[in-house]
Amino acid sequence: SAYDTGFKLGTYNYAMPTSQATQLSQLLAGEPNLRTVIVSLGANDVLQDESADLIVQNLGTIIRRNRAMGLSNLERSDGNQIQVVLTTIPPLGLTQADPREKIREQVNADIAANYGDYGANGFVDFDKAVSGTTPGQVAANLLTNSQPNATYYSDLAAAILAALRFPPTIQL
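Residues numbered from 1 in each chain as written. Predicted model: local features only at pLDDT ≥ 70, side-chain atom pairs only at ≥ 80, totals over all residues. Heavy atoms only, no water.

1. Here we look at the pairing of strand β4 (residues 83-87)
Look at any regular strand and the pattern is simple: side chains alternate between the two faces of the sheet. In terms of residue burial, β4 counts as a mostly covered element, since five of its five residues are buried. Neither face of β4 is exposed, since Gln83, Val85 and Thr87 on one face and Val84 and Leu86 on the opposite face are all buried. By the bridge criterion, four bridges tie strand β3 (residues 36-39) to β4 in an arrangement that is parallel. Pairing of Val39 across the sheet is with Leu86, part of β4. (Buried < 20%, exposed > 50% of the residue type's maximum accessible area, 1.4 Å probe, protein only. Helix = DSSP H or I, 4+ residues; strand = E, 2+ residues; numbered from the N terminus. Pairing = 2+ DSSP bridges.)

This is how it looks when you write it as structure tokens:
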């Protein structure tokens, strides 16, 4: 629900609206067999011309342990913490001249170099998995009528599976 337990005043309970990050944490905490969460966010922020700093801050807000409801604080039913995997932002079809492409590249470079600072246990390079030969563009064979096709999504899934090969780069 969009409300936490709120507060009690006398004999009345009042529900308080929560942040989206807290709602997400509360939803995931209720999943009994949850082991891993893959966080793939930021594309819409880039397209809305948000700053790289704000996107990085928002990702950290969702994941970090220093937040009571950060995803990296959630525990599995066996008492172990869930694993959090962060992905880079795949190409958005922006030209190199578009300042938003520079923002995407900056966020991706930060994720690759500093995923642990976000509170993630690992990262998957979605950018590399579906990029074409032109920077910022999806490989042509992964698009149908300018939209991602089934092969595009298969390549993203393959990037996650590749992280599981021995020795695993991400422990799920």
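2. Describing the environment of Arg76
Here Arg76 is to be found in the loop between α3 (52-63) and β4. On the accessibility criterion, Arg76 (14% relative accessible area) is buried. A C-alpha to C-alpha distance of 7.0 Å links Arg76 and Asn33, two positions 43 residues apart in sequence. Among residues more than four places away in sequence, those in contact with Arg76 are Leu34, Arg35, Gln81 and Ile82. (Contact = heavy atoms within 4.5 Å.)

3. Section: unusual backbone geometry
A positive phi angle, near 65°, is found at Asp49, a position not held by glycine. Inspection of the secondary structure assignment puts Asp49 in the loop between α2 (43-47) and α3. Although it is not a glycine, Ser146 adopts a positive phi angle of roughly 65°. In this structure, Ser146 sits in the loop between β6 (143-144) and β7 (147-148).

4. Remarks on the layout of surface pockets
Of the volumes computed, that of the largest pocket is approximately 200 Å³. Surrounding the largest pocket, Pro91, Leu92, Gly93, Gln137, Val138, Leu143, Ser146, Pro148, Tyr152, Tyr153 and Leu156 form its lining. A total of three residues in the lining of the largest pocket trace back to one element, the largest contributor, which is helix α6 (residues 150-162). (1 Å grid on protein atoms, 1.4 Å probe; cavity = no way out; pocket = protein on both sides within 12 Å on 5 of 7 lines; lining within 4 Å. Points joined across faces, edges and corners; volume = space filled by probe spheres on them.)

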